[in-house]
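Fold and geometry: a report
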Protein chains: 2
Amino acid sequence: MSILVLVDGWNSAPWVDALRSAMPDQLIEAYPDVIDPDAVEYALVWAPQSGALDAFPNLKALFSLGAGVDHLLGGDTLPAVPIGRVVDPDLTARMTEWIVAQVLLHHRQHLQYVQQQRARKWHNLKQPLASEVQIGLMGLGELGRASANLLHQLGFGLRGWSRTPKQLNNVACFHGTDGLDAFLSETDILVCLLPLTPDTEGLIGTAVFEKLRRDGALGGPVFINAGRGRIHVESDIVAALQNDLLKAASLDVFEVEPLPQDSPLWNLENLIITPHVAAVSNPKALSHLISRQVRAHQEGRELDHLVDVTRGY
Amino acid sequence: MSILVLVDGWNSAPWVDALRSAMPDQLIEAYPDVIDPDAVEYALVWAPQSGALDAFPNLKALFSLGAGVDHLLGGDTLPAVPIGRVVDPDLTARMTEWIVAQVLLHHRQHLQYVQQQRARKWHNLKQPLASEVQIGLMGLGELGRASANLLHQLGFGLRGWSRTPKQLNNVACFHGTDGLDAFLSETDILVCLLPLTPDTEGLIGTAVFEKLRRDGALGGPVFINAGRGRIHVESDIVAALQNDLLKAASLDVFEVEPLPQDSPLWNLENLIITPHVAAVSNPKALSHLISRQVRAHQEGRELDHLVDVTRGY
């Protein structure tokens, strides 16, 4: 029996090393260097190429690296085995840091103060209280909840939107297509933590930006995306940032990654770009989680955080 | 009887308006337009010029606007009346926002990602966990405690330093001259929230920066000052940022404010400057607090948050 690491576009070495430390008695192999494909029973996967998993007929379970699973669901050849989604407390903490940092940076008018610093200008901008600013969270899973908790403690007003009805403390919750307009109409800072599904693909563009609150305390709406790039429409974001439909934005995810050299996003003054680093999977922390899951599965128990393939997350 | 607003260098109009709303039955006057100087019994003050308060012989109490009181204590003509320090929950919340924003921004390597964005470079920087980073707070009053609480929840390690011994949950506390070196030796991000006193003036410069942890997870120490500018030595900060004794810094306060046009601080790439806006006093919120205090004092009760003039805060 062997455990396979199949991480397309990533360096597999840290994953192999971390798994070998966590499971010293198991054979760990990095795709495509596999001694006996029939012996592979478990695989850690990130964005496998179409058909790549077909070579392993005896797979018993997959572990999806990263919070989203859209990287797996694009292909048409997914084996009929359980897929466990990785839920790592470190990953949640990192995402919370990134979201809170971006929200505070826009709330405290960092981009304007940077411009003033460059111009050697000493000028006190009008500063709203956090309680005067509404954060609208799209996606109320583990990550959305953790961010909501911290943002509430900083004093922000919170609204949330999800596909199905949810209830969160201190968050005014909306859901479904019917709830979207009411959710957007009083949102000042829109934060996307949605998974990429057929329903969410291309969901956030001009029509959504037009429904955000325009007369709020921040002087214009802000968009923050740490979910998946294909949920937003980049040509709409460029236009919105240029014509003041959006005051500013922070993007960690993009329609195509790495973001192409010729993208007009790179040099927009009111946009902050990070290269899909908001919450990076940590091989050491995750290998311990996966080691426990493999053992549990071998003993006949279900995987934690099972993915529902028809639902898309 | 009249209540005086004496705010040197600020616009007094919003203060007068807010006080008139909060105390419609009182005469509110803005310095120097006073009908009868003998009638002035209370004054809200910020940085009065030397001797300005001598014109009001019947003062019964002063209210210091802003968290620090060094702006009052420089003069030699302070009337012998109680001085109440303003402790405004909004002001504490604003300071917490600014501190958390600056800490997260340095922790998440924002300045490096901005440079990468300008160069259209897609590159994932090594990111430590918050638990691998120690924040060292100098000043453990209301503001320090509020910041410590949020930073703890974000997962950071916390150390604290104060003049006299203090105990805070989740903070390793040090105090006095004897405790300073041990406090600094494992600090990665040094945050100054100290009051300006003869003891703290010029306290933070090269000798302090040299004692900060150099082999921490962030790859070099960071200095953040939202206390008072004269606590730090700006020529030492410039040198430290240029020769990598400091990796980066955020300053909201300066030796001379407004920061002079020819200061070398303005265009250091690894320094973030804000124009003393971390926690600005809000006239509306504070007028209600002051209104209650005036009434309490007239009824013979003590002011809240009395300043000890000999101690300096």
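Residues numbered from 1 in each chain as written. Chains lettered and ligands numbered in written order. Predicted model: local features only at pLDDT ≥ 70, side-chain atom pairs only at ≥ 80, totals over all residues. Heavy atoms only, no water.

1. Overview of helix α9 (residues 283–298) of chain A
All names here are of chain A. Rule in force here: Secondary structure elements follow DSSP: runs of H or I of four or more residues count as helices, runs of E of two or more count as strands, with numbering from the N terminus. Helix span, as expected, comes to 1.5 Å for every residue beyond the first. Accessibility here uses a 1.4 Å probe with only protein chains present; expressed as a share of the type maximum, an area under 20% marks a residue as buried, one over 50% as exposed, and anything in between as partly exposed. Throughout, a residue-residue contact means that at least one pair of heavy atoms, one from each residue, lies within 4.5 Å.
Over its 16 residues, α9 extends 22 Å from the first C-alpha to the last, a length consistent with the 22 Å expected when each residue adds 1.5 Å. Among the residues of α9, those classed as buried are Pro283, Leu286, Ser287, Ile290, Ser291, Gln293, Val294, Ala296 and His297. Of the surrounding elements, those touching the buried residues of α9 are β1 (2–7), α1 (13–22), β3 (40–46) and β4 (61–64). Two residues or fewer past α9, Gly300 is found with a positive phi of approximately 95°.

2. A word on the packing of aromatic side chains
Basically, it comes down to this: Planes of paired rings set the category: under 30 degrees apart is stacked, over 60 is edge-to-face and the rest tilted, where pairs are Phe, Tyr or Trp rings (Trp by its six-membered ring) whose centres lie within 6.5 Å.
The full count for this structure, using the stated rule, is 10 aromatic pairs over all chains. Ring geometry for Trp122 of chain A versus Phe254 of chain B: centroids 5.6 Å apart, planes at 75°, classification edge-to-face. One end of the pair, Trp122 of chain A, is in the loop between α4 (110–118) and β6 (134–138); the other, Phe254 of chain B, is in the loop between β11 (248–251) and β12 (271–273), on a second chain. A relative accessible area of 25% places Trp122 of chain A in the partly exposed class. Since its relative accessible area comes to 3%, Phe254 of chain B is described here as buried.

3. A few points about the interface of chain B and chain A
Put simply, the test is: Two parts placed together each lose some accessible area; with a 1.4 Å probe, that loss summed over both constitutes the buried area. Salt-bridge detection follows one rule: a side-chain nitrogen of Lys or Arg within 4 Å of a carboxyl oxygen of Asp or Glu. Polar contact is defined as a pair of N or O atoms within 3.5 Å, subject to the rule that within protein one atom must be able to donate a hydrogen and the other to accept it, and that residues adjacent in sequence are counted only when both atoms are side-chain atoms. Residues are grouped as follows: Ala, Val, Leu, Ile, Met, Phe, Trp, Tyr, Cys and Pro are nonpolar; Asp, Glu, Lys and Arg are charged; all remaining types, including Gly, are polar.
Facing 48 residues of chain B, the contacting portion of chain A comprises 48 residues. When chain B packs against chain A, the two sides together hide about 4200 Å² of surface, and 58% of this comes from carbon and sulfur. Viewed at the interface, chain A and chain B are joined by two salt bridges. Residue Glu97 of chain B pairs with Arg108 of chain A through a salt bridge whose shortest N-O separation is 3.0 Å. Put simply, chain B and chain A have 24 residue pairs in polar contact (both at pLDDT 80 or more) between them. Broken down by secondary-structure element, the contributors of at least two residues to the side of chain B that touches chain A are α3 (89–107), α4 (110–118), α5 (142–153) and β12 of chain B. Among the elements that line the side of chain B that touches chain A, the one with the most residues is α3 of chain B, at 10 residues. When the residues that make up the side of chain B that touches chain A are grouped by side-chain class, the tally is 25 nonpolar, 14 polar and nine charged.

4. Overview of the packing of α3 of chain B against α5 of chain B
To describe two helices that pack against each other, one gives the angle between their axes and the distance between the axes. All names here are of chain B. The following threshold applies: Angles run from 0 to 180 degrees between N-to-C directions of axes, and those axes are lines fitted to C-alpha atoms, restricted for helices to the stretch in contact. Oblique is the label for any angle not under 35 degrees, not over 145, and not in the 65 to 115 range, which are roughly parallel, roughly antiparallel and roughly perpendicular in turn. Handedness of a helix crossing follows the sense of rotation of the near helix relative to the far helix, less than a right angle counterclockwise being left-handed and clockwise being right-handed.
The contact between α3 and α5 brings their axes to 9 Å, and the two run at 50°. Considered as vectors, α3 and α5 are oriented oblique to each other. In this structure, the crossing between α3 and α5 has a hand that is right-handed. Judged by residue contacts, Leu91, Thr92, Met95, Thr96, Ile99, Val100 and Val103 of α3 engage Glu142, Leu143, Ala146, Ser147, Leu150 and Leu151 from α5. The residue inventory of the contact of α3 with α5, partitioned by class, reads nine nonpolar, three polar and one charged.

5. Brief notes about the domain arrangement of chain A
Residues and elements named next belong to chain A. To keep things clear, this is the line we draw: An automatic or database domain assignment supplies the start and end points of every domain.
Domain parsing of chain A yields domain 1 (2–86 + 281–298) and domain 2 (89–273). The C-alpha-based centres of domain 1 and domain 2 are spaced at 33 Å. Taken residue by residue, the interface counts seven residues in domain 1 and six residues in domain 2. Of the roughly 590 Å² buried between domain 1 and domain 2, counting both surfaces, carbon and sulfur atoms make up 59%.

6. Side note on α4 of chain A
Here α4 of chain A has its buried residues at His110, Leu111, Tyr113, Gln116 and Gln117 of chain A. One or two residues past the end of α4 of chain A sits Arg120 of chain A, with phi positive at roughly 50°.

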